[in-house]
Amino acid sequence: MATSRRRPAGRVAPRRRWRSTLAVVVTIGIVVTLGWTLARPGAAEPGTPPQSALGAGTRMGPVELLTADLDGLRRFYTEGVGLTTVGQHERETVLGRDGVPLLRLVVADRPADDPRQAGLYHSAFLFPDATALAQALVRTATVAPASFQGASDHRVSQAFYFADPDGNGVELYVDRPREQWRWQDDGVVMGSEALDPNAFIAAHLGAGAPGPGAHGVTMGHVHLRGGDLDRAEEFYADALGFAVTRRGDGAVFLAADGYHHHLAINTWSSAGAGTRPESLGLGSVTVHVADTGELDALQRRLTDAGIDHERADGVVTLRDPWGNQVIVSLPG
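Everything numeric in this text was worked out from a predicted model, so none of it was measured.

### Some thoughts on the overall build of the protein chain
(1) Moving on: Assigned secondary structure in the protein chain consists of 5 helices and 18 strands.
(2) Moving on: A burial count over the protein chain gives 56% of its 332 residues as buried.
(3) Moving on: Restricting to contacts in the protein chain with at least 6 residues of sequence separation, those with at least 24 account for 72%.
(4) Moving on: A total of about 13,200 Å² of accessible surface is found on the protein chain, and carbon and sulfur atoms cover 50% of it.

### Focus on the pairing of strand E16 (residues 309-312)
(1) Moving on: Across 4 bridges, the pairing between E16 and strand E17 (residues 315-319) is antiparallel. Each bridged residue has a counterpart across the sheet, and for histidine 309 the counterpart in E17 is leucine 318.
(2) Moving on: Between E16 and E17, which follow one another and run antiparallel, lie 2 residues, and aspartate 313 among them has a positive phi close to 55 degrees.

### What about the sheet that holds strand E18 (residues 325-329)?
(1) Moving on: Taken in spatial order, the 8 strands of this open sheet run E2-E3-E4-E1-E15-E18-E17-E16, and their pairing is mixed. Either end of the sheet is taken by a strand with one partner, and the two such strands are strand E2 (84-89) and E16. Within the sheet, the average angular offset between the axes of one strand and its neighbour, ignoring direction, is 20 degrees.
(2) Moving on: For strand E15 (residues 281-288) and E18, the ladder comprises 4 bridges, and the chain directions are parallel. In the strand pairing of E18, valine 287 is matched with valine 328.

### Remarks on the confidence of the model for the protein chain
(1) Moving on: Here the protein chain shows a mean pLDDT of 88. Residues at 70 or above account for 86%.
(2) Moving on: Throughout residues 1-41 the model reports pLDDT below 50, and contacts reaching past four residues in sequence, or to other chains, amount to 138 contacts.

### A look at unusual backbone geometry
Most peptide bonds take the trans configuration, and most residues that are not glycine carry a negative phi.
(1) Moving on: For aspartate 257, which is not glycine, the phi dihedral falls at a positive 60 degrees.
(2) Moving on: Tracing the backbone shows aspartate 257 in the loop between strand E13 (251-255) and strand E14 (263-266).
(3) Moving on: A positive phi is found at aspartate 313, a non-glycine position, where the angle reads about 55 degrees.

### Looking at the side chain of arginine 247
(1) Moving on: The residue arginine 247 is located in strand E12 (residues 243-248) in this model.
(2) Moving on: Among the polar contacts listed, one links the side chain of arginine 247 to the side chain of glutamate 233, at a separation of 2.5 Å.

### Here's the deal with the environment of glutamine 51
(1) Moving on: Tracing the backbone shows glutamine 51 in the segment before strand E1 (59-67).
(2) Moving on: A residue is classified by how much of its surface remains accessible, and glutamine 51, at 59% relative accessible area, is exposed.
(3) Moving on: Taking the C-alpha atoms as reference, glutamine 51 lies 7.4 Å from glycine 258; in sequence the two are 207 residues apart.

### A word on the sheet that holds strand E11 (residues 218-225)
Paired through their backbone hydrogen bonds, the strands of a sheet run either parallel or antiparallel.
(1) Moving on: Pairing within the open sheet is mixed, and its 8 strands lie in the order E6-E7-E8-E5-E11-E14-E13-E12. For this open sheet the edge positions go to strand E6 (148-153) and E12, each flanked by a neighbour on one side alone. Going from strand to strand, the sheet's axes swing by 20 degrees on average, the running direction of each strand aside.
(2) Moving on: Along the sheet, helix H2 (residues 130-143) contacts strand E7 (157-163) and strand E8 (169-175); its crossing angle with E8, the most-contacted strand, is approximately 155 degrees.
(3) Moving on: Of the strands in this sheet, E11, E12, E13 and E14 touch helix H4 (residues 229-239), which is tilted by about 10 degrees from E13.

### What to know about the packing of aromatic side chains
(1) Moving on: Applying the stated criterion to the full structure yields 7 aromatic pairs.
(2) Moving on: A centroid spacing of 5.3 Å and a plane angle of 65 degrees characterise the contact between phenylalanine 148 and phenylalanine 162, whose relative ring orientation is edge-to-face. Taken as a pair, phenylalanine 148 in strand E6 and phenylalanine 162 in strand E7 lie far apart in primary sequence, 14 residues in all. Each member of the pair phenylalanine 148 and phenylalanine 162 is classed as buried.
(3) Moving on: Every member of this aromatic cluster is reached through a ring pair, and the members are Phe76, Tyr77 and Phe125.

### A word on the pairing of E18
Each regular strand displays side chains that alternate between the two surfaces of the sheet.
(1) Moving on: Among the 5 residues of E18, 4 are classified as buried, and the element is accordingly described as predominantly covered.
(2) Moving on: Alignment of E17 against E18, held across 5 bridges, turns out to be antiparallel. Each residue of the ladder has a partner; that of arginine 319, found in E18, is glutamine 325.
(3) Moving on: Adjacent in sequence and paired antiparallel, E17 and E18 are bridged by 5 residues, among which glycine 323 carries a positive phi angle near 90 degrees.

### Looking at the packing of H2 against helix H3 (residues 197-204)
Pairs of packed helices are described in terms of their axes, by the angle between the two and the distance that separates them.
(1) Moving on: Following both chains from N to C, one finds H2 and H3 inclined at 125 degrees, their axes separated by 9 Å at the closest point. What the angle tells us is that H2 and H3 run oblique. Between H2 and H3 the crossing geometry is left-handed. From H2, Ala130, Thr131, Leu133, Ala134, Leu137 and Val138 reach across to H3, where they touch Phe200, Ile201 and His204.
(2) Moving on: Residue classes in the contact of H2 with H3 are distributed as 7 nonpolar, 2 polar and no charged.

### Brief notes about the side chain of arginine 301
(1) Moving on: Within the secondary structure, arginine 301 sits in helix H5 (residues 292-304).
(2) Moving on: Glutamate 294 provides the closest opposite charge to the buried, unpaired arginine 301, separated from it by 5.4 Å.
(3) Moving on: Only 2.8 Å separates the side chain of arginine 301 from the backbone oxygen of leucine 240, close enough to count as a polar contact.

The rules we used
- For every chain, the first residue of its written sequence is number 1, and the numbers climb from 1 along that sequence.
- Per-residue local features are limited, in this predicted model, to residues with pLDDT of at least 70; the limit for side-chain atom pairs, both in listing and counting, is 80 or more; totals at the level of whole chains, interfaces and linings are taken over all residues.
- Working from all heavy atoms in the structure, the side-chain values ignore hydrogens and water.
- Counting from the N terminus, the helices are DSSP H or I runs at least four residues long and the strands are E runs at least two residues long.
- The classification of residues rests on relative accessible area computed with a 1.4 Å probe and restricted to protein chains. Under 20% of the type maximum is buried, over 50% is exposed, and intermediate values are partly exposed.
- Whether two residues touch is decided by their heavy atoms; if any such pair falls within 4.5 Å, the residues are in contact.
- Areas reported as accessible are Shrake-Rupley estimates using a 1.4 Å probe. Residue values count occlusion only from the protein chains shown.
- Paired strands are those between which DSSP finds at least two bridges.
- Each axis is a line fitted through C-alpha atoms, taken for helices only over the stretch in contact, and angles between the N-to-C directions span 0 to 180 degrees.
- For every residue, the predictor assigns a confidence score, pLDDT, that lies between 0 and 100.
- Any N or O atom pair separated by 3.5 Å or less is treated as a polar contact, with the protein-specific requirement of one donor-capable and one acceptor-capable atom, and with residues adjacent in sequence counted only for side-chain atom pairs.
- Within 6.5 Å between ring centres, the rings of Phe, Tyr and Trp (the latter by its six-membered ring) count as paired, and their orientation is classed by plane angle as stacked under 30 degrees, edge-to-face over 60, tilted in between.
- Any angle that is under 35 degrees is reported as roughly parallel, and any over 145 degrees as roughly antiparallel; angles of 65 to 115 degrees are reported as roughly perpendicular and all others as oblique.
- Helix crossings fall into two classes, left-handed where the near helix is turned counterclockwise from the far one by less than a right angle and right-handed where it is turned clockwise.
- The nonpolar class holds Ala, Val, Leu, Ile, Met, Phe, Trp, Tyr, Cys and Pro. Asp, Glu, Lys and Arg form the charged class, and all remaining residues, Gly among them, are polar.
- Two residue types count as positive, namely Lys and Arg, and two as negative, namely Asp and Glu; His and chain ends fall outside the count.
- Any Lys or Arg side-chain nitrogen located within 4 Å of an Asp or Glu carboxyl oxygen qualifies as a salt bridge.

This is the structure we're talking about:
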């Protein structure tokens, strides 16, 4: 996260701004390990993930970012993260990998994003293995040496944090095998332990310079800023259909189909925020579901909850309590 996004000391998953060289990221300091408790578990057997209304095949789709610096963002995400251009128009570029859109960059004339308002905390790119992630770390440190902001071992994953040229948060991470995740009655066991980027790179980079791209990378999860966690649960869990997998100090984590989290919402800098004003930064978040039956069930939940929405051509569009646009669609 950018310096302006820094939350108070003692919060879950603290990050600090660090400097990096072109070839080496940085040695990170001690990060305090904190536990999380689950307030509203789904119906599940002890030691298993909570059940979600959204079924198997649910995954995150592309995140849309509004920017006044299209070239700067495109370079960061292609030469650094390792995405490729999969679509392009005069004022819009779609980036992804292996033909799958992951990020939509749209030129806009708006004020800068305000971290005190609702919006994007970070987009989290999931890499298929530690070697691909280590290569992305070196590429990103080379392209944007001052962008690195911290790293944490979350027990279910190993994560490295950056800020793109607009200050949007970016997480690059790899999951640990699912059989190593631990589920308790109060949710998935996560934390924030010290993670040394230099040691990670040395252990996983392998011989030779990193390649130009990262095959197999996906949008693993999206972390948002909101104004109130109870309202976040009512919208994203009760209506949209994710299960709450963990609650922390000022944050709630949600997922479908037994994942540790597809979405998170925090109030670290935005507690009490109302409807988000027009700004750069987040344009929309997309969730992909498996089939039209999932969209039918979603529509029923939204109608029962009195949430305005539109459905057309296999796409349901709605806004969360702070005006962030959420798109639920079939893949492709």
